[in-house]
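# Residue-level structural notes
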Amino acid sequence: MPAYRPPRIPASDITPHHIYLSRRSFLGSAATAGLALAGGGGALAAPLAASPSSFKVNEPLTPKEAVTTYNNFYEFGVNKEDPSQNAGAFKPTPWSVKIDGMVGKPKVFGLEELMKIKQEERTYRMRCVEGWSMVIPWIGFPLAALLDQVEPLGSAKYVSFETVVRPEEMPGQGGFFQPLPWPYIEGLRLDEARHPLTILATGLYGETLPNQNGAPIRLVVPWKYGFKSIKSIVRISLVEKQPETTWKNSNAREYGFYSNVNPAVDHPRWSQATEQRIGEGGFFGAKRRATLPFNGYADQVASLYQGLDLKANY
Ligand SMILES: Nc1nc2c(c(=O)[nH]1)N[C@H]1C(S)=C(S)[C@@H](COP(=O)(O)O)O[C@H]1N2
Ligand SMILES: [Mo]
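Quick look at the structure, then. Owing to the predicted nature of the structure, the values given are computational and were not obtained by experimental measurement. (Residues numbered from 1 in each chain as written. Chains lettered and ligands numbered in written order. Predicted model: local features only at pLDDT ≥ 70, side-chain atom pairs only at ≥ 80, totals over all residues. Heavy atoms only, no water.)

## Some details on the site of ligand 1
Heads up, the condition is: The cutoff for a nearby residue is simple: one of its non-hydrogen atoms must lie within 4 Å of the molecule or strand. Two N or O atoms form a polar contact when they lie within 3.5 Å of each other; inside protein one atom must be a possible hydrogen donor and the other a possible acceptor, and for residues adjacent in sequence the pair counts only when both atoms belong to side chains. Computed with a 1.4 Å probe, the accessible areas rest on the Shrake-Rupley method; for each residue, only the protein chains presented here act as cover. Asp, Glu, Lys and Arg are counted as charged, while Ala, Val, Leu, Ile, Met, Phe, Trp, Tyr, Cys and Pro are counted as nonpolar; the rest, among them Gly, fall into the polar class.
Not every one of the 17 residues close to ligand 1 is listed here, only the nearest: N71, Y74, E75, S229 and K231. Measuring from an oxygen atom of ligand 1, one finds a side-chain N or O atom of N71 at 2.7 Å. Within the contact set of ligand 1, a nitrogen atom lies 3.2 Å away from a backbone nitrogen or oxygen of N72. Bound to the protein, ligand 1 loses 96% of the 530 Å² it would expose on its own. Of the residues belonging to the shell around ligand 1, the class tally is eight nonpolar, six polar and three charged.

## What to know about helix α6 (residues 143-150)
Defined as follows: With a 1.4 Å probe rolled over the protein chains alone, any residue whose accessible area is under 20% of its type maximum counts as buried; one over 50% counts as exposed, and the rest are partly exposed. By the criteria applied, helices consist of DSSP H or I runs no shorter than four residues and strands consist of E runs no shorter than two, each listed in order from the N terminus.
Where burial is concerned, most of α6 is hidden: six out of the eight residues are buried. Taken together, the buried positions of α6 are L143, A144, A145, L146, L147 and V150. Taken from the residues just after α6, E151 is the one with a positive phi, measuring 55°.

## Re the side chain of K224
To keep it simple, the criterion reads: Residue contacts are counted whenever heavy atoms from the two residues lie within 4.5 Å of one another.
Checked against the element boundaries, K224 lands in the loop between β9 (218-220) and β10 (233-239). For K224, the side chain forms a polar contact with the side chain of E192, separated by 2.8 Å. Of the polar contacts made by the side chain of K224, one reaches the backbone oxygen of Y258; its length is 2.9 Å. Residues contacting K224, with those up to four places away along its chain left out, are R127, L188, E192, Y258, S259, N260, V261 and Y305.

## A closer look at the nonpolar core
Quick note on the threshold: In these notes, a set of buried Ala, Val, Leu, Ile, Met, Phe, Trp, Tyr and Cys residues joined through side-chain atoms within 4.5 Å is what counts as a nonpolar core.
Within the largest apolar cluster, 78 residues are counted, with the highest numbers of intra-cluster contacts made by W138 and I236. With six residues, the top contributor of residues to this core is strand β4 (residues 132-142). Non-local contacts of I236, meaning those with residues more than four positions away in its chain, are made with V97, K98, I99, D100, L143, L146, V159, S160, F161 and L200.

## Structural notes on the packing of aromatic side chains
Each aromatic ring pair is summarised here by two numbers: the centre-to-centre distance and the angle between the ring planes. Rules: Centre distance within 6.5 Å is the pairing criterion for rings of Phe, Tyr and Trp, where only the six-membered ring of Trp is used; planes under 30 degrees apart are then read as stacked, over 60 as edge-to-face, and the remainder as tilted. Placement of a positive charge over a ring is assigned whenever Lys NZ or Arg CZ falls within 6 Å of the ring centre and within 35 degrees of the normal to the ring plane.
Overall, the coordinates contain 13 aromatic pairs when judged by the stated rule. Three or more aromatic residues joined by ring pairs form one cluster here, namely Y158, F257, Y258, F294 and Y305. Above the plane of the ring of Y70 lies K80, whose end atom (NZ or CZ) is 5.8 Å from the centre. One cation-aromatic arrangement involves R125 over Y297; the distance from NZ or CZ to the ring centre is 5.5 Å.

## Regarding the sheet that holds strand β6 (residues 185-189)
In plain terms, the rule: Criterion used throughout: strands pair if DSSP finds at least two bridges between them. An axis is simply a line fitted to the C-alpha atoms; with a helix, the fit covers only the stretch in contact. Between two such axes, the angle follows the N-to-C directions and lies from 0 to 180 degrees.
What the five strands build is an open sheet, ordered β2-β1-β10-β5-β6; its pairing is mixed. At either margin of the open sheet sits one strand with a lone partner, and together these are β2 (107-110) and β6. The mean inter-strand angle of the sheet, taken between neighbouring strand axes irrespective of direction, is 20°. With four bridges joining them, strand β1 (residues 96-101) and β10 adopt parallel strand pairing. Within the sheet, the bridge partner assigned to D100 lies in β10 and is S237.

## Thoughts on unusual backbone geometry
Put simply, T93 and P94 share a cis peptide bond, and its omega is -5°. In this structure, P94 sits in the loop between α4 (82-86) and β1. Of note, the amide linkage connecting A215 to P216 takes the cis form, showing an omega dihedral of -5°. Relative to the elements of secondary structure, P216 occurs in the loop between β8 (207-208) and β9. One non-glycine residue, E151, lies in positive phi territory at about 55°. By the element assignment, E151 lies in the loop between α6 and β5 (158-163). Of note in this structure, Y205 is not a glycine but carries a positive phi near 50°. Position of Y205 among the secondary structure elements: in the loop between β7 (199-204) and β8.

## Examining the environment of T123
Here T123 lies in strand β3 (residues 120-127). Given a relative accessible area of 1%, T123 falls into the buried group. For the pair formed by T123 and S53, sequence separation is 70 residues and the distance between their alpha carbons is 9.5 Å.

## Quick notes on the pairing of β7
Within β7, six of the six residues are buried, which leaves it mostly tucked inside the rest of the structure. Both β4 and β7 contribute to a ladder of five bridges, which runs antiparallel. Bridging across to β7, F141 finds its partner in L200. In the sheet, β7 pairs with β9 via three bridges, with the strands oriented antiparallel. Bridge pairing links I199 to V220 in β9. The turn joining β7 and β8, which pair antiparallel and follow one another in sequence, is formed by two residues; a positive phi near 50° is taken by Y205.

Set out below in C-alpha cells:
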C-alpha cells in the first residue's frame, strides 16, 4: 500500500450524528423494520459477550464527507479520491451472496433476505495499516447471525470472503495497470468471524452503504487493520485451512493473515505506534494519537489470541 498522505478534510466539517431513512426504497423498508426490531430480542443475531460500550465508541465521529471520499477500494483506483469519483456506474442491486464450503446448508442469499436480518448501529473505531483512523457509525448485523443460518460443520475452521469482479463497472479492474489480482479475497478464523464485534455492514450514517464504502454489503472487523474489512462481498466460504488473502499474497513480509492492530509491531516500512484521526487537527502539524492494542478492543478480543505469538503472527 502507498505510504500515508495527509487528507484534505477541514476539522470543522462535522456531520451531526442522527439516523434518517435511506432514500433508496429497497433498503428503506428493511432498515426501518430492522431498526424497529433492534433491542427487541430477535430470534437471530444474539451476540454472546461484548460490552455494549464497545458497540458505540465514545469519540467524535469522523465527518461523513471524509468517510465517503477518503477511501481505499482498489477496484475503483488506487488513490483515496478514486472510489468516490469512479464508483458511480457500479450497480449494488440486484445482489446476492453465495455461502458455501463446509456448511450443512449452503445457500445463495438475495440482498433483500440479508436486509431482513436484524440491523443495528455500531459506531466503531477503524484503523488503516497506512496510519490513519476514523470513527464510523455503521449499520449492519453480526456475521454470526448469517453463519448460524448455514450451519457450519465441525470441520470448518476458517471463513474466506470474495469481492465481486466487474471490470465494466469497476475501472480499477479494467485498466491496463492492475494494482492487485482479482477477486480481492480475505479471511478470518471462524472464532474471529463469529465474534460479536464482527459485522456485515449494509449502511453508514443511517444511510444505505455508498458504493465507495463497499455497497451493498461489506465486512467490518474493528480490531484489525482496515484491509481485512473486505467490500462488495459476493461469496463467503467455510473452509478447513487458513485461506489466502490478497495483501498477504501481494507482500507476505508486510501483511500477515491476522493483521490485528498492534502498536508494538511495526510495518517493515513504518511505525504503527501512532495514527492520525481523519478530520482531527489541521493540515500542518496534525497531532497523532497513540494506537491502541487491538485498536482499543483488547478487552473484547485479546482472549482469542491467548498463547499466540503476535509478533510472528502479524
Ligand atoms: N474489495 C476491497 N475491499 C477493501 C479494499 C479494497 O481495495 N478492495 N481496501 C481495504 C482497505 S485497505 C481499507 S482501509 C478499507 C477502507 O474502507 P472505507 O473506505 O469504507 O473506509 O477497505 C478495505 N476493503
Ligand atoms: Mo487500509
